[in-house]
Amino acid sequence: AQKVTQAQTEISVVEKEDVTLDCVYETRDTTYYLFWYKQPPSGELVFLIRRNSFDEQNEISGRYSWNFQKSTSSFNFTITASQVVDSAVYFCALSDHNYGQNFVFGPGTRLSVLP
Amino acid sequence: DSGVTQTPKHLITATGQRVTLRCSPRSGDLSVYWYQQSLDQGLQFLIQYYNGEERAKGNILERFSAQQFPDLHSELNLSSLELGDSALYFCASSAGEGNSPLHFGNGTRLTVT
């Protein structure tokens, strides 16, 4: 069975600090997909990034970066120079390769960035 | 804007009542998912449809039912409502292919009094 673990329930940092959100997944599939979503206090769920299991290249988008390591089944998310607007709940998710897709979400990490 | 439309945005009703939540997926998306998020909780998967057929079921109560219509919009019906059903209900859609992300609607906030 597929599973996503986000061991950090809540993290608090001071603005401009770097912060890493951990995501560990379990799957028996050889082809799968990983995602990160952001849920700000306003409540909507925003898609941030997708990563394919066969592409271990790390990705950087502005202050955001993602580190995918198949060897440790991890897909960690780092925010550099955090800002108050980064305060949100962040969800990591895993989907399979089958038609119709089966998504599994982690429990989320609540990030609070203090001014 | 994710392209997924959920109505209504807010719903206040009494215990024992029945409500219907509606979702229009992004243009071209075949899969529709329903999630429940109680206060300060994670996303609880309820049910998924793919091109009109039920694809997967999660922790959906028997009092809840859903369907996806030929035009691919979906409805989630909640009946015999209880106080504990108060939550944010999200609909999401995807193209249904392995690497397609889920795109979420803004949710329907249900309050049962």
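See the structure above.
This structure is a prediction, so every number in the text was calculated from the model and none was measured. (Residues numbered from 1 in each chain as written. Chains lettered and ligands numbered in written order. Predicted model: local features only at pLDDT ≥ 70, side-chain atom pairs only at ≥ 80, totals over all residues. Heavy atoms only, no water.)

Quick notes on the state of the cysteines
Then step 1. Across all of its chains, the model carries two disulfides over all chains by this definition.
Then step 2. Between Cys23(A) and Cys92(A) runs a disulfide, and the two sulfur atoms are separated by 2.0 Å. Here the S-S torsion is close to -65°, and the disulfide linking Cys23(A) with Cys92(A) is therefore left-handed. Of the two residues, Cys23(A) is situated in the loop between β3 (19-21) and β4 (24-26) and Cys92(A) in strand β10 (residues 88-95); the sequence distance between them amounts to 69 residues. No difference in accessibility class separates Cys23(A) from Cys92(A), as the two residues are buried.
Then step 3. Between the sulfur atoms of Cys23(B) and its disulfide mate Cys91(B) the distance is 1.8 Å. Residues Cys23(B) and Cys91(B) are joined by a disulfide whose S-S torsion is about -55°; by sign, that bridge is left-handed. One end of the pair, Cys23(B), is in strand β3 (residues 19-24); the other, Cys91(B), is in strand β9 (residues 87-94), and 68 residues separate them in sequence. (Disulfide = S-S within 2.5 Å. Helix = DSSP H or I, 4+ residues; strand = E, 2+ residues; numbered from the N terminus. Buried < 20%, exposed > 50% of the residue type's maximum accessible area, 1.4 Å probe, protein only.)

Things to note about the interface of chain A and chain B
Then step 1. In this complex, chain A contributes 22 residues to the contact, which on the side of chain B involves 23 residues.
Then step 2. Applying the counting rule to chain A against chain B returns zero salt bridges.
Then step 3. Along the contact surface separating chain A from chain B lie two residue pairs in polar contact (both at pLDDT 80 or more).
Then step 4. Those elements giving two or more residues to the side of chain A that touches chain B turn out to be β5 (33-39), β6 (46-52), β10 and β11 (103-105) of chain A.
Then step 5. When residues of the side of chain A that touches chain B are assigned to their parent elements, the largest contribution, four residues, is made by β5(A).
Then step 6. Residues that form the side of chain A that touches chain B fall into these classes: ten nonpolar, eight polar and four charged. (Contact = heavy atoms within 4.5 Å. Salt bridge = Lys/Arg side-chain N within 4 Å of Asp/Glu carboxyl O. Polar contact = N/O pair within 3.5 Å; in protein donor to acceptor, adjacent residues only side chain to side chain. Nonpolar A, V, L, I, M, F, W, Y, C, P; charged D, E, K, R; others polar.)

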